[in-house]
Amino acid sequence: DCCTPIKKLCWWHGVGSTADFQKIIQERCDTYTQTIRPGSRSRNCQAIRQAFMSTFISKDPCKATKEDYNSLINLAPPTVPCGQQVFWSKTKELAHEYVKRQRLMTLEDTLLGYLADGLSWCGEPGSSDLNIWSCPDWRKDCRTNYLSVFWEVLSERFAESACSTVRVVLNGSLENAFDSMSIFGRVEAPNLRPQVELEAWLVHDTGKPPSDSCSGSSIRKLKSILDGRNVKFRCMDNLSRDQFLQRS
Ligand code: N1C
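Remember, predicted model here, so these are calculated numbers, not experimental data.

Caption draft 1: Layout of the overall build of the protein chain. Tallying secondary structure elements over the protein chain gives 9 helices and 8 strands in all. On C-alpha atoms alone, the protein chain measures out to a radius of gyration of 19 Å, which is about the 18 Å that the 2.2 N^0.38 rule sets for 248 residues. Structurally, the protein chain occupies a C-alpha span of about 55 × 45 × 35 Å along its principal axes. Here the protein chain, with 248 residues, has 50% of them falling under the buried criterion. Pairs at least 24 apart in sequence give 79% of the contacts found in the protein chain among residues at least 6 apart. Total accessible area on the protein chain stands at roughly 12300 Å², and carbon and sulfur atoms take up 48% of it.

Given below as structure tokens:
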């Protein structure tokens, strides 16, 4: 059994909840609403923190559902202005560098994406505490853990709200720049609305040849997912990281 009780705590295979989780959520929320997007509709950070905690506290950490996150997401839907949206897969740091130079936004530039970025959290039945020792791992324990389900529903809502032209930054140094099992592949691409146009940028490590291109089989697979949804597709490849950031 993956959940052997050690001092009443289940021992999972993933990292435990981030220390001071509540405090970090509250502080990030205050920073975001007061400094990063002061213009945004004033939000009640205490209510957001409480809603976040009540999604998972005292619950079986392997029984997360999308519905658990509904009330939290409704307090702060992850929407961005039309045409400014950027998706990424296996290019997190590069995508963030890119959007900083443009007037563009990733999911981490929305309030909930900003709050949760890099954190880990889970609770345990019968306790009002976070489990700081371990949390379920997607592969080894369960897919329906609170961290995975959070990024899945938030990403789904982010993709559903896309309009006009959106971009995805893909890793051209991988053999398969498009991974159909990633959140971008499983959740975001299949939830884009008809008439949206997706621009894919395949960016490889500077000084190395690219390992995948727009004509490769992984990108053809992406194209076929989008064709099925009437989403227009453009693809740009053979860009090194330096070239990509310079032209942006
Ligand atoms: O599985 P991925 O990438 O394709 O997910 C990235 C995709 C982006 O377009 C984002 O909109 O999905 C969204 N997203 C995040 O914003 C995010 N921030 C942090 C998805 N996952 C996110 N994380 C964590 O990184 C989360 O723990 C998830 O499992 C990884 C996904 O990274 P990836 O495989 O490079």
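There is more to say after this.
Caption draft 2: Focus on unusual backbone geometry. Of note, Gln195 is a non-glycine position whose phi angle comes to about 85°, a positive value. When you line up the elements, Gln195 lands in the loop between α7 (183-188) and β7 (197-204). With a phi angle near 60°, Asn238 is a residue other than glycine that sits in the positive phi range. With respect to the helices and strands, the residue Asn238 is situated in strand β8 (residues 232-240).

Caption draft 3: Spotlight on the environment of Asp242. Its place among the elements puts Asp242 in helix α9 (residues 241-247). Taking the relative accessible area as the measure of exposure, Asp242 reaches 38% and is therefore partly exposed. Taking the C-alpha atoms as reference points, Asp242 and His204, separated by 38 residues in sequence, lie 9.2 Å from one another.

Caption draft 4: Representation of the packing of helix α1 (residues 21-36) against helix α2 (residues 45-56). At a closest axis distance of 9 Å, the pairing of α1 and α2 adopts a crossing angle of 145°. The handedness of the crossing between α1 and α2 comes out as right-handed. Residues Phe21, Gln22, Ile25, Gln26, Cys29, Asp30 and Thr33 of α1 touch α2, and the partners they reach there are Cys45, Gln46, Ile48, Arg49, Phe52, Met53 and Phe56. The class makeup of the residues in the contact of α1 with α2 is 8 nonpolar, 4 polar and 2 charged.

Caption draft 5: Examining the site of the ligand more closely. The immediate surroundings of the ligand are formed by 15 residues, with Ser89, Lys90, Glu108, Ile183 and Glu188 found nearest. Between the ligand and Ser89 there is a distance of 2.7 Å, counted from an oxygen atom to a side-chain nitrogen or oxygen. In the complex, 78% of the free accessible area of the ligand, which totals 600 Å², lies under the protein chains. Judged by the proximity of its atoms to the pocket grid, the ligand belongs to the largest pocket. Residue assignment for the shell around the ligand shows that the elements contributing at least two residues are β4 (86-89), α6 (146-160) and α7. Of the residues that constitute the shell around the ligand, the class distribution is 7 nonpolar, 3 polar and 5 charged.

The rules behind these values
- Counting from 1, residues in each chain are numbered in the order their sequence is written.
- Local features in this predicted model are restricted to residues of pLDDT 70 or higher, and side-chain atom pairs are both shown and tallied only at a pLDDT of 80 or more, whereas totals for entire chains, interfaces and linings draw on every residue.
- To obtain the side-chain values, all non-hydrogen atoms of the structure were included, while hydrogens and water were left out.
- Numbered from the N terminus, helices here are DSSP runs of H or I no shorter than four residues, and strands are runs of E no shorter than two.
- Throughout, the radius of gyration refers to the C-alpha atoms, and the reference size of a globule is 2.2 Å times the residue count to the power 0.38.
- Relative accessible area decides the class of each residue, using a 1.4 Å probe on protein chains only: under 20% of the type maximum gives buried, over 50% gives exposed, and in between gives partly exposed.
- Any two residues having at least one pair of non-hydrogen atoms within 4.5 Å are treated as being in contact.
- Using the Shrake-Rupley algorithm and a 1.4 Å probe, accessible areas are obtained, with residue cover drawn only from the displayed protein chains.
- Lines fitted to C-alpha atoms define the axes, with helix axes restricted to the stretch in contact, and inter-axis angles between N-to-C directions lie between 0 and 180 degrees.
- Two helices that cross are described as forming a left-handed crossing if the nearer one is turned anticlockwise from the farther one by less than a right angle, and a right-handed crossing if clockwise.
- Residues are grouped as follows: Ala, Val, Leu, Ile, Met, Phe, Trp, Tyr, Cys and Pro are nonpolar; Asp, Glu, Lys and Arg are charged; every other residue, Gly included, is polar.
- Distances are taken per atom, and a residue is near a molecule or strand as soon as one of its heavy atoms is within 4 Å of it.
- Two N or O atoms form a polar contact when they lie within 3.5 Å of each other; inside protein one atom must be a possible hydrogen donor and the other a possible acceptor, and for residues adjacent in sequence the pair counts only when both atoms belong to side chains.
- Whether a set of points on the 1 Å grid over the protein atoms alone is a cavity depends on a 1.4 Å probe fitting there but being unable to get out, while an open set qualifies as a pocket with protein on both sides within 12 Å along at least five of seven lines; lining residues are those with an atom within 4 Å of a point.
- Grid points define the cavity or pocket, and a molecule sits in it when more than half of its atoms lie within 2 Å of them.

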